[in-house]
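Chain by chain, the residues run as shown.
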Amino acid sequence: MRRPDGLLNHNVLGEDKGPQDACGVFGVWAPGEEVAKLTFYGLYALQHRGTESAGIATSDGERILVYKDMGLVSQVFTEGDLATLKGNLAVGHCRYSTTGSSTWVNAQPTLRPTKYGTLALAHNGNLTNTGDLAELVQKLEATYTRGATTDTEIMTALLALQDSKNVEASALTVLPQLEGAFSLVFMDERTLYAARDRHGVRPLVLGKLETGWVVASESAALDIVGAAFVREIEPGELICIDANGVRSQHWADAQPKGCLFEYVYLARPDTTIAGSGIHKTRVAIGAQLAREHPAEADLVIPVPESGTPAAIGYAKESGIPYGMGLVKNSYVGRTFIQPSQTIRQLGIRLKLNPLREIIEGKRIVVVDDSIVRGNTQRAIVRMLREAGAREIHVRISSPPVKWPCYYGIDFASRAELIANGLDVQEIRRSIGADSLGYVSLEGLIAATEVSSEKLCSACFTGEYPIRIPEDLSEGKMRLEITEAHGH
Ligand code: SF4
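Here is what the cut-offs are and how they apply
- Residues numbered from 1 in each chain as written.
- Predicted model: local features only at pLDDT ≥ 70, side-chain atom pairs only at ≥ 80, totals over all residues.
- Heavy atoms only, no water.
- Axes fitted to C-alpha atoms, helices over the stretch in contact; angles between N-to-C directions.
- Helix = DSSP H or I, 4+ residues; strand = E, 2+ residues; numbered from the N terminus.
- Parallel < 35°, antiparallel > 145°, perpendicular 65-115°, else oblique.
- Left-handed = near helix turned anticlockwise from the far one by under 90°.
- Contact = heavy atoms within 4.5 Å.
- Nonpolar A, V, L, I, M, F, W, Y, C, P; charged D, E, K, R; others polar.
- UniProt positions renumbered as here; feature names shortened; annotations may be inferred.
- Buried < 20%, exposed > 50% of the residue type's maximum accessible area, 1.4 Å probe, protein only.
- Pairing = 2+ DSSP bridges.

Taken N-terminus to C-terminus, the directions of helix α9 (residues 278–292) and helix α10 (residues 308–318) make an angle of 45°; their axes are 6 Å apart at the nearest point. The angle between the axes of α9 and α10 places the two elements in the oblique class. Here α9 runs over α10; the crossing is right-handed. Side by side, α9 and α10 meet where His279, Arg282, Val283, Gly286, Ala287, Leu289, Ala290 and Arg291 of the first sit next to Pro309, Ala310, Ile312, Gly313, Tyr314, Glu317 and Ser318 of the second. Partitioned by chemical class, the residues of the contact of α9 with α10 number eight nonpolar, four polar and three charged.

And the structure:
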């Protein structure tokens, strides 16, 4: 089950990976179906949310089996692996690490015996009180030794150590003690559970199969397994699914603060959040960008693929023709093959290649979703100039990212964020563009059609809706640091 080197797969694109999402989760309760295969395809649809590791747990009613490994969903599972994962219900996970490093032991679902059976759990988000929770676990189990170093491992231990009559009762005790962002799917031998934090930072939806039920991070994953969208799991809600159907309970009052960045970049364009299709929202953001930052130009091109809908909106609103100026190699990105020095030097070219015949001699508007460190945009501007662009006007479909995210997205540390130290003109100079424009926060929020009170926009404003760790230097390795200090 374990890849021999136990290592993270390599990011062949260089250092600037852009914002990284913090996982996709999927769960299915469907006796008689091949639940492992449904979960595989659900995770396949959620691959963009986490590419470091993947795992599936299944239960046949008596026993839970889990299989997980480092890599993409398609790298981790073979047909044979899936055939061994028999059962009536399953949970699955694809991971990008936000607490704990990217190693096999930290891959999910986590598994833990309890006094009433076994618990398997998958988490999207990031807890902000992991240190306090770790102390609680230590009190409940003095001999507790952590295998993994994730907030998910701590949460699983806390659930398993409750002196309750079943998992449902444990969840109702533990969920109110968790702070931060969490969209969870978990299971015991017979029941599938799903829960969302009181702010609903990360998405989580419920779908219906002919023979059962599905929960997933995004509605697009329901479409791909043939499930009909039923509704979003509400902030502060716990649902339990078994032979008696779906039971819902609210363990906290909802205080919605959905992640604004899901609309900009993270979610798939064919997903729907809060009733809005993400593609349509991104087109509207692009139109808003054109109104706020017009340009004299011959062609609008996207940075594929996340910049595509906003570029379409920009072109439509401005009347400037839309074209493909950069071709994306979708299948490069993560591989277990360590790139050679020659390949590494190609950097962004592995991922994007300019179409010289489209670009040469033209004034180009290039639309991207965000600027994190600026390295990607600098490389793109250089590449477009080399391909003969006369002018390059960079347009960004989010406001400047100035603050780190503590709720499940790994942008960079504050010091690494280019907009933290530089103003827009300085960033323009740094990336080498002829002009640079970011959409305004108000313009972005208007395009989502969600009221600003119901959204988190902390990475743009620094106003964090959920208390963040006092020691901001505590990063994703905080549990490893604690262990190294012998606590
Ligand atoms: S800080 Fe930014 S990325 Fe993080 S949850 Fe808030 S809006 Fe989303």
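Before going further, it helps to spend a moment on the UniProt feature "binding site: Mg(2+)" (unreviewed entry) in the chain. As recorded in UniProt, the feature "binding site: Mg(2+)" (unreviewed entry) lies at Ser306, Asp368 and Asp369. Look at the named residues: they lie 64 residues apart in sequence, but the longest C-alpha span between them is just 7.1 Å, so in the fold they bunch up. Along the polypeptide, Asp368 turns up in strand β22 (residues 363–368). Apart from residues no more than four positions distant in its own chain, Asp368 is found in contact with Val303, Ser306, Gly307, Gln377, Ile380, Arg395, Ile396 and Ser397. Structurally, Asp369 is set in the loop between β22 and α13 (375–386). Classification of Asp369 by relative accessible area gives buried; the value is 4%.

Let us now look at the sheet that holds strand β24 (residues 435–438). If you trace the four strands from one edge of the open sheet to the other, you get β18-β22-β23-β24, paired in parallel fashion. Of all the strands in the sheet, the pair left with one neighbour each is β18 (299–302) and β24. Each adjacent strand pair in this sheet contributes to an overall mean axis angle of 20°, direction not counted. Pairing of β18 with β22 involves four bridges; the strand directions are parallel. Directly across from Pro302, in β22, lies its bridge partner Val367.

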